[in-house]
Amino acid sequence: MNAPLLSTPRVEPFFFDAEPGTRFSVYHAPNPRVEPRGAILHVHAFAEEMNKSRRMAALQSRAFAAMGYAVLQFDLFGCGDSCGDFHSGRWELWKSDLAIAAGWLLDRTGGGPLHLWGVRLGGLLALDCAAQLRPAGIILWQPFTNGRTCINQFLRLRLAAQLQGKAPGTARSTAALRAQLAVHGHIEVGGYEVAIPLVKAIDGCDAANLRLPPCTVHWFANPEPAPARVEANVARLAARWARDGVRVQFHPVAGPHAWNDEVIECPALLDATSEVFGSQP
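Residues numbered from 1 in each chain as written. Predicted model: local features only at pLDDT ≥ 70, side-chain atom pairs only at ≥ 80, totals over all residues. Heavy atoms only, no water.

Per an unreviewed UniProt entry, the protein chain goes by the name Hydrolase 2, exosortase A system-associated and belongs to Massilia agilis.

Written out as structure tokens, the structure is:
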């Protein structure tokens, strides 16, 4: 995936202002030696999955930029190197961050077609912002389509840590952890403290209830270990969104999940994504 040195686009780290505080960003300028193709705004994954997938996001951002896309990666409020603590993160604030970032990116590129590129929960956040931002396309990497599923998976990390003696507590189910959350108003999982307003907002977000503007959705996912269930979910949402002029293209990809326990690469996902967008007009 390494591009020749002469065609490696320029990368600019910076902070942009967004209340409250600033957001850390990395702009990948499009390759000046090819025809401009538009802009791509990256929406990162949730909690530790963001850190695990950073390398994959950087590799794909460079590949997009080499093809002629302007790419903006940034950390949402309370995440990564942006200001704020993780427990202060809020879904509506993150949507506001995306709107500001999209405006900056479109101003920088002169208003070319915009794509939102969401990873895991970032995919659901991108879908939730689509009606407002009206992108030409949406790129999904192994997305959560139901926020409650994401939170339950997140809480299961706490249960696993308890079994290994790495976290205090005696809860034996996600329901018990949710009960603790309701009482205390927050819960810590793997070093990330989440507050009940964020959990409630994520729980309440379901892709099946979202209205998207006419656009193309490129959905990349490893359907294992339940390919029939994954494909049925994609087909269900594609049929629902088709009523509004949305076209869904599902791209099954084999290979490791690059947001799990280790920082790893999934060349098949990089290759599949680059093949699709390298062939776009």
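Continuing now.
### Some points on helix H4 (residues 121-133)
The end-to-end C-alpha distance of H4, which contains 13 residues, comes to 18 Å, matching closely the 18 Å that a straight helix rising 1.5 Å per residue would cover. Taken across its 13 residues, H4 has 11 buried, putting it largely inside the fold. Among all positions of H4, only Leu121, Gly122, Gly123, Leu124, Leu125, Ala126, Leu127, Asp128, Cys129, Ala130 and Leu133 are buried. Of the residues trailing H4, Arg134 is marked for its positive phi of about 50°. (Helix = DSSP H or I, 4+ residues; strand = E, 2+ residues; numbered from the N terminus. Expected span 1.5 Å × (residues − 1). Buried < 20%, exposed > 50% of the residue type's maximum accessible area, 1.4 Å probe, protein only.)

### Observations regarding the packing of aromatic side chains
A full pass over the atoms with the stated rule returns 15 aromatic pairs. Arranged with centres 5.6 Å apart and planes meeting at 55°, the rings of Phe16 and Phe74 form a pair that is tilted. A residue pair is termed long-range when its members are at least 10 positions apart, and Phe16 in strand S1 (residues 11-17) and Phe74 in strand S4 (residues 69-74) qualify at 58 residues. On the accessibility criterion, Phe16 (6% relative accessible area) is buried. Here Phe46 and Trp94 contribute two aromatic rings whose centre-to-centre distance is 6.5 Å and whose plane-to-plane angle is 65°, an arrangement assigned as edge-to-face. Of this pair, Phe46 sits in the loop between strand S3 (38-43) and helix H1 (48-52) while Trp94 is found in helix H3 (residues 91-109), placing the two residues 48 residues apart along the sequence. The buried category is assigned to Trp94, whose relative accessible area is 3%. Site record: aromatic cluster; members linked through ring pairs are Phe46, Phe86, Trp91, Trp94, Phe154 and Tyr192. (Phe/Tyr/Trp six-rings, centres within 6.5 Å; stacked < 30°, edge-to-face > 60°.)

### A short note on the packing of helix H5 (residues 147-163) against helix H6 (residues 174-184)
Between H5 and H6, whose axes approach to 9 Å, the crossing angle comes to 100°. When the axis of H5 is compared with that of H6, the two are roughly perpendicular. Of the residues in H6, those in contact with Arg148, Ile151, Asn152, Leu155, Arg156, Arg158, Leu159 and Gln162 of H5 are Thr174, Leu177 and Arg178. Across the contact of H5 with H6, the residue classes tally to four nonpolar, three polar and four charged. (Axes fitted to C-alpha atoms, helices over the stretch in contact; angles between N-to-C directions. Parallel < 35°, antiparallel > 145°, perpendicular 65-115°, else oblique. Contact = heavy atoms within 4.5 Å. Nonpolar A, V, L, I, M, F, W, Y, C, P; charged D, E, K, R; others polar.)

### Structural notes on the sheet that holds strand S9 (residues 216-221)
Spatially, eight strands are ordered S1-S2-S4-S3-S5-S6-S9-S10 in an open sheet, and the strand pairing comes out mixed. Where the open sheet ends on each side, the last strands, each with one partner, are S1 and strand S10 (247-252). For this sheet, the mean angle separating the axes of adjacent strands, direction not counted, is 20°. Strand direction decides the pairing type here: S1 and strand S2 (residues 22-28), joined by seven bridges, are antiparallel. Its bridge partner lying in S2, Phe16 is registered against Arg23. Contacts from H4 reach S3, strand S5 (114-119) and strand S6 (137-141) within the one sheet, and its direction differs from that of S5 by about 155°. Across the face of the sheet, helix H8 (residues 227-242) comes into contact with S9 and S10 while running at roughly 165° to S10. (Pairing = 2+ DSSP bridges.)

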